[in-house]
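Letter by letter, the chains look like this.
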Amino acid sequence: MEKSNNILARLDWVTVILWLAMMIMGWMNIHAAVYNEQHTSIFDMSQRYGKQLIFIIAAIVLAVMVVVTDNKLWFFFAWFIYGFFILLLVLVLVIGKEINGARAWFGVGAFSIQPSEFAKFATGLALASYLNSKRQLLGTREMIAATAIIIAPVLLIALQPDMGSVVTYFAFFIVLYREGMSIWVFITAILAVALFLLSLILGNLPVAIGLLVVAAIALLVTSGYLVTLKAAVVMALAGGVAFLAGHYLLDLGTVLIIVLAVFLAGVVYAWFIYRQRMVNQAIIYAFLLGGLLYLFTVDYAFHEILKPHQQTRINIMLGMEDDPFGEGYNLNQSLISIGSGGFAGKGYLNGTQTKFKFVPEQSTDFIFCTVGEEWGFIGSTVVIGLFVWLLLRLMMMAERQRTTFVRAYGYGVFGLFLMHFFVNIGMTIGVMPVIGIPLPFFSYGGSSLWGFTILLFIFLRLDAGRTEYLG
Amino acid sequence: MKDRFANRKYFIMALVLLAALILIARLFYIQIVDKTYRVSAANNALRPVTQYPARGLIYDRNGKLMVYNQAAYDLLVIPVQTSAFDTTRFNEILGITMDDFKVRMKVAVSYSRRAPSVFMKMISSETYAMLQEELYRFPGFYVQARTLRKYTRPVAAHLLGYVGEVDNKLIAKDRYYRSGDYIGVSGIEKSYEEQLRGRKGVNIFLVDVHNNIKGSYAEGRYDTVAIPGTNLWSTIDITLQEYGERLMQNKTGSIVAIEPSTGEILTFVSSPTYDPSLLVGRVRSENFTTLQADTVKPLFDRALMASYPPGSTFKIMNGLIGLQENVIKPASLFSCSNGYHAGSLTVGCHSHSSPLNLPQAVAQSCNAWFCNAFRNILENPAYGSVQDAFDKWREYLVAFGFGNKMGIDLPNELSGFIPARSYYDRYYGKDRWKALTVISLAIGQGEIGATPLQMANMATVIANRGSFYIPHVVKKIGDDGTPSPLYTQKYITGISPGNFDPVIEGMEGAVNGGPGSTARGARLDSIIICGKTGTAQNPHGKDHSIFVAFAPKDDPKIAIAVYVENAGFGSTFAAPIASLMIEKYLTADIKRKYLEDHVLNTVIKPGGKEQ
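**Quick word on the overall build of chain B**
Scanning chain B from N- to C-terminus turns up 21 helices and 20 strands. Restricting the contact set of chain B to residue pairs at least 6 apart, pairs at least 24 apart contribute 71%.

Below you can see the structure in the form of structure tokens.
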């Protein structure tokens, strides 16, 4: 009795109130988004807004259940829970029911449950448990193991396929970063993304030439004018040979000829580098060759692995393609409804774009349209403010932990919310490509609401018991 | 473990703030700075109005217009944009009942609440004028211009085909089509759909709540221009076609005429036929039901889809194959004593002089002669067995286009039937059948079936002395176009040109020869016609009358096959009809009025009663 009082007293009520506020705001926006003139009451159980109320009540029950559990449960059973959900993800591929082309759902009576929403907290727990067990710095081996923990559910979800959920799992790398992953991993990742986007916007050839120029400048700065000149001569000769062979014998494209030239030049450099122990030059060369090969791979991946509609979505985000009545329809309608909200919005239930149901998926992935249209810039900023508040609060809570386990889990929760928050709102206003993921606590749907609630409350429970020993 | 990375939290915090800043800055821009979205949205709705291009016109081979377009209007509705309005007045204008209104509205809603769908198809110009004036009172409704097919003459219905609305199955499969779009359903309209349809365009308008068009959305940036359909030049001679249909009136059957040097189809008659304008516009579905229920099957394209036994016309094939296989000679003599007798088997024949050589046998259509020839073909010692010789025999027929679809540019072609060796193996046991078992093939009876198109192609091959182009009905795609490359490739049948001479001599004799010749009724004074009659037994009634011919003998301009169902001997109807067609095509003038009148005035009821 005393202990549970203790828990309630230690629970982070600021977070709980933020959570409740977001759920209620989400519910109101769902009401506006799918408003039906024949069923006006927000409590009408035949409509999505009525159903969402049931989901919210169930979420509160779930939250209470999580709060009354023992702290140690989550620590000791982390791996068991992880294994259980991995199993469910395998199972859903076999007996799941297919909705919108993805085998991502278990049908339970009239409801459908999406295991990938719940696998998130399980992955967070497992990752935290693993990091907690490592008493030394994170080396390559630990990095690979941690990555494997994240990648296992990702691969299974990719098979469904549900690319939106796949993207969100990359949020766990924030945990690894906080726990000491090399900053270079992030820099490489950012460079990779930048190269990818640049190659899409400018084409492969300018980016390949750009890489050569950057490498030449780097060489000039680190090794001086003479070495650069030598390297350039070798490169020019190799380029000549590569052009002759590539163009006349092998019928290669320009980018492949450049790759061939760099590779040939590398064979010559290798001797110099080896003989004269030129470490800087070796690194620059490795980056150049790596960059070129990467360029070639992503080009292939973009055109061969991504589906045409996914390519179009990325192109639309980059402003390279206009398709307002095809793939760009959602985004265009979304921009119109948010943009038309203006400073103060049109008012609750007054959104005309909403009334005409121009935006598909408006109660789920595009719920922010309703916020933007009816509540305007003020309302949108308030919602963003609430998320920032929640995120900073979660960070603060994570930082006050004494164990790596709880801190790592807390950052996992933080990362997932950050990812969902930024990608979801970002896609409705065109700063991210259209990726179908929900806005936590706002979007219609039981699975995501319950998944996020459990995710959050496990952390609240662990935080409330932060003075207890986990063992 | 000491937390060496605690400082990283500042970077992560910066990340959160940066994310929020990006979102707020972007929101600030689209909600406050950029006014265009507010203009697009403030009580405005987008309305995509499809611009339907005019469907391509169809000309005949001489540039005479056959099919063109006429304006019509569709009334469309976007259910979510409707609001309460005076339905009584609305129904009054359209001339529909309230129940009708409800049904139509329900159909529209079930298609899509957000996308436009057709509320009422092809309203008249008067209704359109009335509706246009009051349209502002009916939000969510608007009118879209369409075109309907019009025909210069009520002919060539089967060939031209008709245009209908796309069904939902196709919409799901092909992204080009939307509910309410038209598509070619049969004939040229179907096989050249992609060329004829052109490309739809779309104008996106901003519409206010009063159903008034406020202007183009985004200055027309997303509008696309409709591209009109490509015109087609058919190979058909519309005058000849019309004449052929007149000759075939009140008779069942088919005429196919081909220009031998190109494979271009000159006439493509299937009788009974119907007026193609019956299947246009709002009357289409009603008329279609009526035509479909008609017992004489006017919708059935006999030229392409009816498989008849070729009858005696097929003797030509056996003669040619026998010559090519070197088992008979033009001078080979076979006697005939009122038929062919082998053991207990008898194939009867009419009485004529005996013995005959090949040209005489063709001219007088002697059954016994061709039974002997056919037996020689199958019992050719050059092959190991009757069955191997049979395979070779079939190979020639396939080369002529029998037994397979010819590949004409029209849908639903029938392949006809030439039995394969395995077919008889199944009946009689493997290799346990002999030449005599299948002897009826010698005279074009038995298991074989050929379409009138295939028969006309046979006449073409003979006229060309061994080669042909795949018969086709479109000679130019676009006003300066060419036919599909499929139809410019020459096919060789494997019979040497020299072997055609005695057969052609026989065909000349059949029409122009002395007593005993079977087709003297087809004779023309000015032009040498070469032809062969046929009479196909048929289990459903009187024999079918068949005639294949080409003319003139030297430098043939037309090859023709005529089938008249239940009309008896080939010489009685098919031959005169073919002869008149040839006369019409080559001289443009009919001198034998009596013959024409006789054919025009004869009514042959299905089953075979002449009246």
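Here the narrative resumes, following the displayed structure.
**Observations regarding helix H10 (residues 183–202) of chain A**
The terminal C-alpha atoms of H10 of chain A, which comprises 20 residues, lie 28 Å apart, in line with the 28 Å expected from a rise of 1.5 Å per residue. Within two residues after H10 of chain A, Gly 203 of chain A carries a phi angle of roughly 100 degrees, on the positive side.

**Some details on unusual backbone geometry**
Cis geometry marks the peptide bond from Ser 271 of chain B to Pro 272 of chain B; its omega dihedral reads 0 degrees. Look at the link from Ala 551 of chain B to Pro 552 of chain B: it is a cis peptide, with omega at -15 degrees. Here Pro 552 of chain B lies in the loop between strand E19 (544–551) and strand E20 (558–564). A positive phi is found at Phe 441 of chain A, a non-glycine position, where the angle reads about 70 degrees. With respect to the element layout, Phe 441 of chain A can be found in the loop between helix H18 (404–428) and helix H19 (446–464). Not every positive phi belongs to a glycine, and Ser 365 of chain B is a case in point at roughly 55 degrees. Within the secondary structure, Ser 365 of chain B sits in the loop between helix H14 (358–364) and helix H15 (367–378).

**Some points on the sheet that holds strand E2 (residues 102–108) of chain A**
Strand pairing in a sheet relies on backbone hydrogen bonds. The paired strands run either parallel or antiparallel. All names here are of chain A. Strand order in this open sheet of three strands is E1-E2-E3, and the pairing throughout is antiparallel. Of all strands in the sheet, those with a lone pairing partner are strand E1 (97–99) and strand E3 (111–113), marking the two edges. The mean angle between the axes of side-by-side strands here comes to 55 degrees, regardless of whether they run parallel or antiparallel. Strand direction decides the pairing type here: E2 and E3, joined by three bridges, are antiparallel. Bridge assignment links Phe 106 to a residue of E3, and that residue is Ile 113.

**Here's the deal with the sheet that holds strand E11 (residues 253–259) of chain B**
All names here are of chain B. Spatially, the five strands line up as an open sheet ordered E12-E11-E20-E19-E18, and their pairing is antiparallel. Two strands bound the open sheet, and with one partner strand each, they are strand E12 (264–271) and strand E18 (530–536). Within the sheet, the average angular offset between the axes of one strand and its neighbour, ignoring direction, is 5 degrees. Inspection of the sheet shows E11 paired to E20 by six bridges, in the antiparallel sense. Across the sheet, residue Ala 257 finds its bridge partner in E20, namely Ile 560. Packed on one face of the sheet, helix H18 (residues 452–464) meets E11, E19 and E20 and runs near 150 degrees to E20. Strand contacts of helix H20 (residues 574–587): E11, E12, E18, E19 and E20, with the helix running at about 145 degrees to E20, the strand carrying the most contacts.

**Observations regarding the confidence of the model for chain A**
Taken residue by residue, chain A gives an average pLDDT of 83. The fraction at 70 or more is 92%. Between the elements of chain A, mean pLDDT differs from a low of 58, seen in helix H16 (residues 352–355) of chain A, to a high of 94, seen in H18 of chain A.

**Quick word on the confidence of the model for chain B**
When pLDDT is averaged along chain B, the result is 87; 96% of the residues meet or exceed 70. For this predicted complex, the interface score ipTM comes out at 0.84, alongside a pTM of 0.59.

**What about H20 of chain B?**
Residue and element names in this part refer to chain B. Along its 14 residues, H20 runs 20 Å from first to last C-alpha, staying within 8% of the 20 Å computed at 1.5 Å per residue. Within H20 the residues assigned to the buried category are Ala 574, Ala 575, Pro 576, Ile 577, Ala 578, Ser 579, Leu 580, Met 581, Ile 582, Glu 583, Lys 584 and Tyr 585. With its phi angle positive at about 60 degrees, Ala 588 sits one or two positions after the end of H20.

**Points about the packing of helix H6 (residues 115–133) of chain A against H19 of chain A**
For any two helices packed against each other, the geometry comes down to the angle between their axes and how far apart the axes lie. Residues and elements named next belong to chain A. At a minimum axis distance of 7 Å, the contact between H6 and H19 shows a crossing angle of 20 degrees. By the angle between their axes, H6 is roughly parallel relative to H19. For H6 against H19, the interelement crossing comes out right-handed. Contact with H6, carried on its side by Glu 117, Phe 118, Lys 120, Phe 121 and Gly 124, involves Ser 447, Ser 448, Gly 451, Ile 454, Leu 455 and Ile 458 of H19 and no other residues of that element. Residues belonging to the contact of H6 with H19 are distributed by class as follows: five nonpolar, four polar and two charged.

**Topic: the pairing of E20 of chain B**
With seven of seven residues buried, E20 of chain B is to be regarded as a mostly interior element. Connecting E19 of chain B to the next strand, E20 of chain B, in antiparallel fashion are six residues, including Asp 555 of chain B with a positive phi near 55 degrees.

**Quick look at the environment of Val 503 of chain B**
Residues and elements named next belong to chain B. Position of Val 503 relative to the elements: it lies in helix H19 (residues 500–512). You can call Val 503 buried: it has 24 C-beta atoms within 10 Å. A C-alpha to C-alpha distance of 9.7 Å links Val 503 and Lys 315, two positions 188 residues apart in sequence.

**Topic: the nonpolar core**
Core analysis: the biggest nonpolar cluster contains 129 residues, and Ala 459, Ala 549 and Ile 560 of chain B have the highest contact counts within it. Shared between two domains, this core holds at least three residues of each, these being domain 1 (55–200) and domain 2 (238–275 + 300–601) of chain B. When sequence neighbours within four positions are dropped, the list of residues in contact with Ile 560 of chain B reads Ile 255, Ala 257, Ala 456, Ala 459, Val 548, Ala 549, Phe 550, Ala 578, Met 581 and Ile 582 of chain B. Counting residues in hydrophobic clusters, the runner-up holds 113 residues, among them Ala 32, Phe 118, Phe 414 and Phe 422 of chain A.

**Quick word on the environment of Arg 199 of chain B**
Residue and element names in this part refer to chain B. For Arg 199, the location among the structural elements is in the loop between helix H9 (193–197) and strand E8 (201–207). Under the C-beta neighbour-count criterion, Arg 199 is labelled partly exposed, with 14 such atoms within 10 Å. Taking C-alpha positions, Arg 199 is 9.6 Å from Thr 224, a pair spaced 25 residues apart along the chain.

**Thoughts on the environment of Phe 170 of chain A**
Structurally, Phe 170 of chain A can be placed in the loop between helix H8 (163–169) and helix H9 (173–178). Along the sequence, Phe 170 of chain A and Ile 151 of chain A sit 19 residues apart, while their C-alpha atoms lie 8.8 Å from each other.

**Topic: the pairing of E12 of chain B**
Residues and elements named next belong to chain B. With eight of its eight residues buried, E12 lies for the most part within the structure. As judged from the seven bridges shared by E11 and E12, these two strands associate in the antiparallel manner. Considered in E12, the bridge of Ile 255 is made with Val 269. The turn linking E11 back onto E12 is made up of four residues, and Gly 263 within it adopts a positive phi angle of 80 degrees.

**Observations regarding the packing of H6 of chain A against helix H7 (residues 140–158) of chain A**
All names here are of chain A. At their nearest, the axes of H6 and H7 sit 9 Å apart, and the two run at 170 degrees to each other. The pairing of H6 with H7 is recorded here as roughly antiparallel in orientation. The chirality of how H6 crosses H7 is right-handed. Together, Ser 116, Ala 119, Thr 123, Ala 126, Leu 127, Tyr 130 and Leu 131 of H6 and Ala 145, Ala 146, Ile 149, Ile 150, Pro 153 and Ile 157 of H7 make up the contact between the two elements. Here the residues of the contact of H6 with H7 are counted per class, giving eleven nonpolar, two polar and no charged.

Cut-offs and rules
- Residues numbered from 1 in each chain as written.
- Chains lettered and ligands numbered in written order.
- Predicted model: local features only at pLDDT ≥ 70, side-chain atom pairs only at ≥ 80, totals over all residues.
- Helix = DSSP H or I, 4+ residues; strand = E, 2+ residues; numbered from the N terminus.
- Contact = placed C-beta atoms within 7 Å.
- Expected span 1.5 Å × (residues − 1).
- Pairing = 2+ DSSP bridges.
- Axes fitted to C-alpha atoms, helices over the stretch in contact; angles between N-to-C directions.
- pLDDT = per-residue confidence, 0-100.
- Buried ≥ 20, exposed ≤ 12 C-beta atoms within 10 Å, placed from the backbone.
- Parallel < 35°, antiparallel > 145°, perpendicular 65-115°, else oblique.
- Left-handed = near helix turned anticlockwise from the far one by under 90°.
- Nonpolar A, V, L, I, M, F, W, Y, C, P; charged D, E, K, R; others polar.
- Core = buried A, V, L, I, M, F, W, Y, C linked by C-beta atoms within 7 Å.
- Domains from an automatic or database assignment.

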